[in-house]
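Coordinate inspection notes
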Amino acid sequence: MDESVLFFFEGHQEALTLYEKFEERVLSEISGVRIRVQKTQISFSNRYMFACVSFAKLRKAKERPAAYIVVTFGLDHREDSPRIDVATEAYPGRWTHHVMISELSEIDEELMGWVREAGVFSSRK
């Protein structure tokens, strides 16, 4: 595990296993991925950034699980799903989606399908 990732999860250690599984799946399912750890997010990119992990506060404190990560990804369309907490059109033809993950089982084929699609969309820009 990269030291910068461990530093990013300082104070959120209980969410580290969620990130580890997500990172493992991204790296095994999308080729040419670069990971960049920043102060507020961990970005995944190929040609451009297509997804990131953060601790964005998408819900009120009482509605947030104790341990969670937020997976954000960009698509060329709005994806409608009850799993998506927020979807915004950042600019025409670019939709940003935020999904709160609190269980390993939520890093499933549906989520990874969106992330793979975001990787393809990003590489076409």
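Scroll up to find the structure this text is about.
Throughout what follows, the structure given in this document is the object of discussion. (Residues numbered from 1 in each chain as written. Predicted model: local features only at pLDDT ≥ 70, side-chain atom pairs only at ≥ 80, totals over all residues. Heavy atoms only, no water.)

What follows concerns the pattern of salt bridges. Here the structure, examined in full by the defined rule, presents nine salt bridges. Here Asp80 makes a salt bridge to Arg78, at a shortest N to O gap of 3.1 Å. On the accessibility criterion, Asp80 (62% relative accessible area) is exposed. The salt bridge involving Arg83 is made with Asp108; its shortest N-O contact spans 2.9 Å. With Arg83 in the loop between strand 4 (69-75) and strand 5 (86-91) and Asp108 in the loop between strand 6 (94-101) and helix 3 (109-124), the pair connects residues that are 25 residues apart, well separated along the chain. What you see here is one network of salt bridges that share partners, running through Arg25, Glu29, Glu109 and Arg116. (Salt bridge = Lys/Arg side-chain N within 4 Å of Asp/Glu carboxyl O. Buried < 20%, exposed > 50% of the residue type's maximum accessible area, 1.4 Å probe, protein only. Helix = DSSP H or I, 4+ residues; strand = E, 2+ residues; numbered from the N terminus.)

Our focus in this paragraph is helix 2 (residues 16-29). Helix length check: helix 2 (14 residues) gives 20 Å between terminal C-alpha atoms against 20 Å at 1.5 Å per residue, within 8%. Looking only at helix 2, the buried set comprises Leu16, Leu18, Tyr19, Phe22, Glu23, Arg25 and Val26. (Expected span 1.5 Å × (residues − 1).)

Take the packing of aromatic side chains next. In total, this model carries eight aromatic pairs according to the counting rule given. Each ring, one from Phe73 and one from Trp114, has its centre 5.7 Å from the other, and the planes form 20°; the classification is stacked. On the criterion of sequence distance, the pair formed by Phe73 in strand 4 and Trp114 in helix 3 is long-range, its members being 41 residues apart. A residue is classified by how much of its surface remains accessible, and Trp114, at 5% relative accessible area, is buried. Members of the aromatic cluster, connected to one another through ring pairs, are Phe8, Phe9, Tyr19, Phe22, Phe44, Phe55 and Tyr68. (Phe/Tyr/Trp six-rings, centres within 6.5 Å; stacked < 30°, edge-to-face > 60°.)

Bringing the side chain of Ser54 into the picture now. Mapped onto the elements, Ser54 comes out in strand 3 (residues 49-54). Judged by relative accessible area, Ser54 falls into the buried class, the value being 9%. A distance of 3.2 Å separates a polar atom in the side chain of Ser54 from the backbone nitrogen of Ala56. When near neighbours in sequence (up to four residues on either side) are disregarded, Ser54 contacts Phe8, Thr40, Gln41, Ile69 and Val70. (Polar contact = N/O pair within 3.5 Å; in protein donor to acceptor, adjacent residues only side chain to side chain. Contact = heavy atoms within 4.5 Å.)

Looking now at helix 3. Between its first and last C-alpha, helix 3 extends 22 Å over 16 residues, near the 22 Å set by a 1.5 Å rise per residue. Residues Leu111, Met112, Trp114, Val115, Ala118, Gly119, Phe121 and Ser122 constitute the buried set of helix 3. Contacts from the buried residues of helix 3 go to helix 2, strand 3, strand 4 and strand 6.

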